[in-house]
Amino acid sequence: MAREPTSASLGMLACRTCGLLSRRPSDSRHVRCPRCGARLHTRKPDSIVRTWAYLIAAGIMYGPANLLPIMETSSLFGTQSDTIMSGVVYLWVSGSWPLALVVFIASIVVPLLKLMALTILVISVQRRSQWQPLQRARLYRLVEGVGRWSMLDIYVVTILVALVHIQAVATINAGPGAIAFAVVVVLTMLASMSFDPRLIWDPLDHD
């Protein structure tokens with residue numbers, strides 16, 4: 001079955017800033033977009049290395065984000081520390097099961113699935129796999145689309161703080177888990193931005 005050529009094989013470069021498709025000059029080593037002046041590359045420089053770095057860092061921070069207290073409540077009755085899971089359990093027991101489900105999916109399931117999906121994409125590209133390129137490209141678009149809503153996780157944490165059952169005057173402080181959680185969100189966004197989905201099609205073009 002005949003395969004469609006890629007833009008790289010045709011000597012075309014796409015600008016990641018404005019989207020303009022330009023032909024690569026044969027006598028120039030460094031090419032800039034004629035529309036916006038941004039530097040053009042056939043592929044993102046060091047895409048695999050950068051993506052791996054962000055993924056590994058995000059994977060390391062994922063554990064503390066879910067195990068460490070995400071908020072600490074101090075009142076006349078003592079001090080209480082809550083993790084994301086304890087907040088989910090509290091919402092579920094108190095009858096707010098729809099919100100508990102939203103918190104569980106947005107704060108635990110989605111970041112984990114993003115890490116797994118990006119890991120699969122990077123490994124397949126690094127091994128120059130020709131397995132299901134269209135499905136992998138769709139998977140990346142899905143991860144990228146979810147990444148636009150990554151700050152929803154931070155808003156969920158804010159909702160947790162607002163719904164804590166406070167019986168007296170209390171002070172609520174962000175715990176170390178909140179910092180780790182925010183770092184995971186940022187690192188997964190950076191990993192998605194660093195990955196170049198055009199690498200998925202390179203093995204087919206060379207073949």
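This one's a predicted model, so the numbers in the text were calculated from it and none came from an experiment.

Definitions and cut-offs
- Residues numbered from 1 in each chain as written.
- Predicted model: local features only at pLDDT ≥ 70, side-chain atom pairs only at ≥ 80, totals over all residues.
- Heavy atoms only, no water.
- Axes fitted to C-alpha atoms, helices over the stretch in contact; angles between N-to-C directions.
- Helix = DSSP H or I, 4+ residues; strand = E, 2+ residues; numbered from the N terminus.
- Parallel < 35°, antiparallel > 145°, perpendicular 65-115°, else oblique.
- Left-handed = near helix turned anticlockwise from the far one by under 90°.
- Contact = heavy atoms within 4.5 Å.
- Nonpolar A, V, L, I, M, F, W, Y, C, P; charged D, E, K, R; others polar.
- Salt bridge = Lys/Arg side-chain N within 4 Å of Asp/Glu carboxyl O.
- Patch = residues over 30% accessible without salt bridge, like charges linked within 9 Å, V, L, I, M, F, W, Y side chains within 5 Å.
- Areas by Shrake-Rupley, 256 points an atom, 1.4 Å probe, with all protein chains shown as cover.
- Buried < 20%, exposed > 50% of the residue type's maximum accessible area, 1.4 Å probe, protein only.
- Polar contact = N/O pair within 3.5 Å; in protein donor to acceptor, adjacent residues only side chain to side chain.
- Core = buried A, V, L, I, M, F, W, Y, C linked by side-chain atoms within 4.5 Å.
- Arc of directions from axis to C-beta.

*Asks:* Explanation requested: the packing of helix α2 (residues 84-93) against helix α3 (residues 97-126) in the structure shown.
*Replies:* For any two helices packed against each other, one specifies the crossing angle of their axes together with the interaxial distance. Closest axis-to-axis distance for the α2/α3 pair is 7 Å, and the angle between their directions is 160°. Judged by the inter-axis angle, α2 sits roughly antiparallel to α3. When you trace α2 past α3, the crossing you get is left-handed. In this structure, α2 uses I84, M85, V88, L91 and W92 to contact α3, whose residues at the interface are W97, L99, A100, V103, F104, S107 and I108. Its residues assigned to classes, the contact of α2 with α3 shows 11 nonpolar, 1 polar and no charged.

*Asks:* Before we go on, may I ask you to explain the pattern of salt bridges in this structure?
*Replies:* Under the criterion given, the structure shown has 1 salt bridge. Salt-bridge contacts for R198 lead to D196; the nearest nitrogen and oxygen are separated by 3.0 Å.

*Asks:* Help me out: how do you make sense of a nonpolar patch on the surface in this one?
*Replies:* The grouping of M85, V89, W92, V93, W97, L101, F104 and I105 at the surface amounts to a nonpolar patch, some 800 Å² of accessible area in total. Those elements giving two or more residues to the nonpolar patch turn out to be α2 and α3. Tracing the chain through its elements places F104 in helix α3.

*Asks:* Teacher, can you tell me more about the side chain of S47 here?
*Replies:* When you line up the elements, S47 lands in helix α1 (residues 47-67). On the accessibility criterion, S47 (3% relative accessible area) is buried. At 2.8 Å, the side chain of S47 and the backbone oxygen of S194 are in polar contact. Setting aside anything within four residues of it in sequence, one finds S47 in contact with S194, F195, D196 and L199.

*Asks:* How do you make sense of the nonpolar core when you look at a structure like this?
*Replies:* The tendency in soluble globular proteins is for nonpolar side chains to be buried side by side. Counting residues in each nonpolar core, the largest one holds 30 residues, and the members touching the most others are L55, I84, L118, L121 and F195. At the level of elements, α1, α2, α3, α4 (133-147) and α6 (176-194) are the ones that each hand at least two residues to this core. At 9 residues, α3 tops the list of elements feeding residues into this core. Not counting residues within four places of it along the chain, the set of residues in contact with I84 comprises A65, N66, I70, V103, S107, I108 and F181. Core analysis: the second largest hydrophobic core is formed by 6 residues, C15, V31, A38 and L40 among them.

*Asks:* It is not clear to me how the environment of V183 should be interpreted in this structure. Could you clarify?
*Replies:* Looking at the element boundaries, V183 is found in helix α6. When its relative accessible area of 30% is taken as the criterion, V183 is described as partly exposed. For the pair formed by V183 and A58, sequence separation is 125 residues and the distance between their alpha carbons is 7.3 Å.

*Asks:* Just checking my understanding: could you explain unusual backbone geometry for this structure?
*Replies:* Across the chain, the bulk of peptide bonds are trans and the bulk of non-glycine residues have phi less than zero. Despite not being glycine, R128 shows a phi value in the positive range, around 55°. Mapped onto the fold, R128 is located in the loop between α3 and α4. According to the relative accessible area criterion, R128 is partly exposed, its value standing at 43%. Of note in the backbone geometry, Q132 takes a positive phi value of approximately 40° without being a glycine. Turning to its location among the elements, Q132 is positioned in the loop between α3 and α4. When its relative accessible area of 36% is taken as the criterion, Q132 is described as partly exposed.

*Asks:* How should α2 be read in this particular structure?
*Replies:* Every α-helix carries 3.6 residues per turn, so stepping three or four residues along brings you back to the same face. Turning to α2, its buried residues number three or more, namely I84, G87, V88 and L91. Taken down its axis, α2 places every buried residue within 100° of arc, on the same side.

*Asks:* What exactly am I supposed to notice about the environment of S194 here?
*Replies:* Looking at the secondary structure, you find S194 in helix α6. Spatially, the C-alpha atom of S194 lies 9.3 Å from that of W52, the residues being 142 residues apart in sequence. Ignoring sequence-local partners within four residues, the contact set of S194 consists of K44, S47, R50, T51 and Y54.

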